[in-house]
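A structural walkthrough
Letter by letter, the chains look like this.
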Amino acid sequence: NAGVTQTPKFRILKIGQSMTLQCTQDMNHNYMYWYRQDPGMGLKLIYYSVGAGITDKGEVPNGYNVSRSTTEDFPLRLELAAPSQTSVYFCASSSRQGQPQHFGDGTRLSIL
Amino acid sequence: AQTVTQSQPEMSVQEAETVTLSCTYDTSESDYYLFWYKQPPSRQMILVIRQEAYKQQNATENRFSVNFQKAAKSFSLKISDSQLGDAAMYFCAYRGSGNTGKLIFGQGTTLQVKP
């Protein structure tokens, strides 16, 4: 059982480049989330989705976009990479209200 | 807005001893969920324990237990018989009763276990 899978695990981008962080889950969870974790800090919510076709902003959405065309996939798009987006990104999913979130292994992204 | 505060940036414990990590939160909701997650150097986020606010009984998972004080809005984690593998960053997280399921995290506490 793969759970939540994130790709890539590491990436270096130049300022102004674009990229998509991929997230897929095989647990048929309706709820999916993207968080970022800056060094020595807790996780902050970027975007979330409560089902296919439904997305909403979290605490720190600026500079990011998401889509949710299927239950399984929830990609995160960076359009114009900036040094402030250097962080570790986590994707998570959960089945329903009150159930714990399952996390992917994270993507370490550096913008130089 | 809800907030979660972990006031201990770092803690240390001797192997086999007991340590308690503190967490306080602020909310106006009466129904919610609280979690402790462990993040070892591998960076994985691992669920340690979960508490439903409507349950008065404190949650327990093997060597891990919580002291949930709803009126004081406090949710501390006790680790008994500490092991070297417990060394990690620990995050307290709050999830409200709304249908979004969003988690709000504290800043984390780094736990060092001394042999």
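Scroll up for the structure.
Residues numbered from 1 in each chain as written. Chains lettered and ligands numbered in written order. Predicted model: local features only at pLDDT ≥ 70, side-chain atom pairs only at ≥ 80, totals over all residues. Heavy atoms only, no water.

Right, let's get into the interface of chain B and chain A. Across the contact, 22 residues belong to chain B and 27 residues belong to chain A. Here chain B meets chain A over a buried area of about 1,900 Å², counting both sides, of which 50% is carbon and sulfur. On the chain B side of the contact with chain A, Arg-43, Met-45 and Arg-95 of chain B bury the most area, a combined 32% of that side's loss. Here chain B and chain A share zero salt bridges between them. Counting across the interface, chain B meets chain A through eight residue pairs in polar contact (both at pLDDT 80 or more). Where the side of chain B that touches chain A is concerned, the elements lending two or more residues are strand S5 (32-39), strand S6 (46-52), strand S10 (88-96) and strand S11 (103-105) of chain B. The element contributing the most residues to the side of chain B that touches chain A is S5 of chain B, with four residues. For the side of chain B that touches chain A, a count of residues per class yields eight nonpolar, 10 polar and four charged. (Contact = heavy atoms within 4.5 Å. Buried area = accessible area lost by both parts, 1.4 Å probe. Salt bridge = Lys/Arg side-chain N within 4 Å of Asp/Glu carboxyl O. Polar contact = N/O pair within 3.5 Å; in protein donor to acceptor, adjacent residues only side chain to side chain. Helix = DSSP H or I, 4+ residues; strand = E, 2+ residues; numbered from the N terminus. Nonpolar A, V, L, I, M, F, W, Y, C, P; charged D, E, K, R; others polar.)

Let us now look at the nonpolar core. When a protein is soluble and globular, its nonpolar side chains tend to lie buried together. Residues and elements named next belong to chain B. Residues Tyr-25, Trp-36, Phe-75, Leu-77 and Tyr-90 are the most contacted members of the largest nonpolar core, which totals 25 residues. Every element with two or more residues in this core is listed here: strand S3 (19-21), S5, S6, strand S8 (64-69), strand S9 (74-79), S10 and strand S12 (109-114). Top contributing element to this core by residue count: S10, with four residues. In this structure, Phe-75 is in contact with Cys-23, Tyr-25, Leu-34, Phe-35, Trp-36, Gln-51, Val-66, Asn-67, Phe-68 and Cys-92, ignoring residues within four places of it in sequence. (Core = buried A, V, L, I, M, F, W, Y, C linked by side-chain atoms within 4.5 Å. Buried < 20%, exposed > 50% of the residue type's maximum accessible area, 1.4 Å probe, protein only.)

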